[in-house]
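The residues making up each chain are set out below.
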Amino acid sequence: MPELPEVEALAVDLKSRLADRAIARVDLAAFSALKTFDPPLSALEGTLVEDVIRHGKFLDITASGLHLVLHLARAGWVRWRDEVPALPARPNSKSSLAARVVLDDGTGLDITEAGTKKSLALYVVRDPADVPGITRLGPDPLAGTFTTEVLGGILEEAGRAQIKGVLRQQSNIAGIGNAYSDEVLHAAGMSPFKPANSLAEDELATLYTAIRDVLGDAVQRSHGLGAADLKKEKKSHLSVHGRTGLPCPICGDTVREVSFADSSLQYCPSCQTGGKPLADRRMSRLLK
């Protein structure tokens with residue numbers, strides 16, 4: 001799933017490609033992806049792209065006062081095309097294409113979603129605040145206003161909820177998903193099941209630093225990369241996420257996994273849980 005660093009890099013890359021170009025048309029290949037009807041998708045035709053920015057994990061393409069907002073969900077992606085087919089894209093159950101944005105110079109971008117579970121979402125709105133997911137977003141963890149005190153307030157309000165879930169909840173902190181919550185907690189040396197409101201003052205400072213460093217470093221590494229290179233870049237720098245059975249790059253212990261109904265987490269026992277494995281069952285709790 002694209003998270004804050006990848007979506008930030010996509011926004012920067014797309015801005016350099018789309019700025020001051022006119023949108024000739026937008027082809028919708030997956031009708032379920034479009035979540036709005038007013039303004040219609042056709043309202044984007046002839047508009048001039050002004051900016052591309054990020055709200056959490058949402059991409060926002062501003063064009064002549066309208067906003068084409070994308071949420072790539074778990075398996076969505078954006079692919080740049082130096083030349084798009086002359087014929088409009090059509091619905092095709094065997095294709096991963098959800099939508100295609102065609103520019104006035106014949107270039108464009110394909111918005112795709114792999115797999116059978118379709119969660120990608122497109123919105124055409126006059127104001128990003130018209131997108132419910134954006135209005136519910138918590139603070140951006142790389143913004144100057146995101147302080148240790150802000151993080152402490154979020155954790156305190158979450159009570160004894162597991163810290164992994166608190167970090168992933170977009171209404172708490174915008175942009176951190178399954179992968180980077182694993183990475184942040186590994187960098188902080190914390191169990192993913194640690195109660196959110198149980199952090200001592202030094203632990204809070206450590207977690208705050210880990211959030212800023214892990215995400216900030218990932219954004220820096222991704223800067224200047226095109227969409228085609230971002231997935232490889234992300235995967236090559238992960239310490240624990242997606243690395244079950246491999247050695248931890250810090251201590252050499254074996255990275256372990258806890259599986260849930262629709263996701264999993266990875267962690268290093270030596271770095272994060274005092275060498276104790278977490279029970280690998282749904283609703284697992286830290287073995288004390």
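For the rest of this paragraph, the subject is the overall build of the chain. Scanning the chain from terminus to terminus reveals 8 helices and 10 strands. Computed over its C-alpha atoms, the radius of gyration of the chain comes to 20 Å, within 12% of the 19 Å expected for a compact globule of 288 residues. Projecting the C-alpha coordinates of the chain onto the three principal axes gives extents of approximately 60 × 35 × 30 Å. Expressed as a percentage of its 288 residues, the buried residues of the chain come to 50%.

Within the element layout of this structure, Glu-233 appears in helix H7 (residues 227–236). On the accessibility criterion, Glu-233 (10% relative accessible area) is buried. A distance of 2.9 Å separates polar atoms of two side chains, one belonging to Glu-233 and the other to Arg-221. Residues contacting Glu-233, with those up to four places away along its chain left out, are Arg-221, Ser-222 and Leu-225.

We now examine the packing of helix H1 (residues 4–18) against helix H6 (residues 201–222). Geometry of a packed helix pair, given as the angle between the helix axes and the separation of the axes. Contact geometry for H1 and H6: axes closest at 9 Å, N-to-C directions at 35°. Here H1 runs over H6; the crossing is right-handed. The residues of H6 that touch H1, namely those facing Leu-4, Pro-5, Glu-8 and Ala-9, are Leu-215, Ala-218, Val-219 and Ser-222. A per-class count over the contact of H1 with H6 returns 6 nonpolar, 1 polar and 1 charged.

Right, let's talk about the pattern of salt bridges for a bit. For the structure on display, the rule yields 15 salt bridges. Its salt-bridge partner being Asp-140, residue Arg-54 comes within 2.8 Å of it at the nearest N-O pair. On the criterion of sequence distance, the pair formed by Arg-54 in strand E2 (residues 49–55) and Asp-140 in the loop between helix H2 (132–135) and helix H3 (148–158) is long-range, its members being 86 residues apart. Taking the shortest distance from any N to any O, the salt bridge between Glu-233 and Arg-221 comes out at 2.9 Å. You can see Glu-233 sitting in helix H7 and its partner Arg-221 sitting in helix H6, a full 12 residues away along the chain.

Of all 6 residues in strand E4 (residues 66–71), 6 are buried, a share of seventy percent or more. Burial along E4 is two-sided: the residues Leu-66, Leu-68 and Leu-70 and His-67, Val-69 and His-71 are all buried. Here strand E3 (residues 58–63) runs beside E4; their pairing, made up of 6 bridges, is antiparallel. Looking at E4, one finds that Phe-58 is bridged to His-71. With antiparallel pairing between neighbouring strands as the criterion, E3 and E4 make up a hairpin whose turn holds 2 residues, including Ser-64 at a positive phi of roughly 50°. Two elements, E4 and strand E8 (residues 121–125), share 5 bridges in a ladder whose sense is antiparallel. Within the sheet, the bridge partner assigned to His-71 lies in E8 and is Ala-121.

This part is about the packing of aromatic side chains. Across all of its chains, the model carries 2 aromatic pairs by this definition. Measuring from centroid to centroid gives 5.8 Å for Phe-146 and Tyr-208, while their planes differ by 20°, and the two rings are stacked. Taken together, the residues Phe-146 in the loop between H2 and H3 and Tyr-208 in helix H6 connect sequence positions 62 residues apart. Each of the two residues, Phe-146 as well as Tyr-208, counts as buried.

Before going further, it helps to spend a moment on the nonpolar core. The nonpolar side chains of a soluble globular protein tend to be buried, and buried together. Leu-18, Val-52, Leu-59, Val-101, Ile-111 and Leu-122 are the most contacted members of the largest nonpolar core, which totals 34 residues. Counting residues per element, this core draws most heavily on H1, at 6 residues. The next biggest cluster of nonpolar side chains, apart from the first, holds 25 residues, and it includes Leu-4, Ile-163, Tyr-180 and Ala-196.

This part takes up the environment of Leu-167. By the element assignment, Leu-167 lies in helix H4 (residues 163–168). Accessibility expressed as a relative area gives 0% for Leu-167, which makes it buried. As a C-alpha pair, Leu-167 and Tyr-180 span 13 residues in sequence and 9.1 Å in three-dimensional space. With sequence-adjacent residues up to four places away left out, Leu-167 is seen in contact with Ile-173, Ile-176, Ser-181, Val-184, Leu-185, Leu-207 and Ile-211.

What follows concerns the sheet that holds E3. Judged by pairing direction, the sheet is antiparallel, and its 4 strands sit side by side in the order E2-E3-E4-E8 without closing on themselves. The strands lining the two open edges of the sheet, one partner per strand, are E2 and E8. Strand-to-strand twist in this sheet, taken as the mean axis angle between neighbours without regard to direction, amounts to 15°. Contacting E2 and E3, H1 crosses the sheet at an angle of about 175° to E2.

Time to look at the sheet that holds strand E6 (residues 97–103). If you walk across this open sheet you meet the 4 strands as E1-E6-E7-E5, and the pairing is antiparallel. Because the sheet does not close on itself, it has two edges, and the strands there are strand E1 (23–28) and strand E5 (76–81). Adjacent strand axes in the sheet meet at a mean angle of 15°, parallel and antiparallel pairs treated alike. Packed on one face of the sheet, H1 meets E5, E6 and strand E7 (108–113) and runs near 25° to E5.

Calculation criteria
- Residues numbered from 1 in each chain as written.
- Predicted model: local features only at pLDDT ≥ 70, side-chain atom pairs only at ≥ 80, totals over all residues.
- Heavy atoms only, no water.
- Helix = DSSP H or I, 4+ residues; strand = E, 2+ residues; numbered from the N terminus.
- Rg over C-alpha atoms; globule rule 2.2 N^0.38 Å.
- Buried < 20%, exposed > 50% of the residue type's maximum accessible area, 1.4 Å probe, protein only.
- Polar contact = N/O pair within 3.5 Å; in protein donor to acceptor, adjacent residues only side chain to side chain.
- Contact = heavy atoms within 4.5 Å.
- Axes fitted to C-alpha atoms, helices over the stretch in contact; angles between N-to-C directions.
- Left-handed = near helix turned anticlockwise from the far one by under 90°.
- Nonpolar A, V, L, I, M, F, W, Y, C, P; charged D, E, K, R; others polar.
- Salt bridge = Lys/Arg side-chain N within 4 Å of Asp/Glu carboxyl O.
- Pairing = 2+ DSSP bridges.
- Phe/Tyr/Trp six-rings, centres within 6.5 Å; stacked < 30°, edge-to-face > 60°.
- Core = buried A, V, L, I, M, F, W, Y, C linked by side-chain atoms within 4.5 Å.

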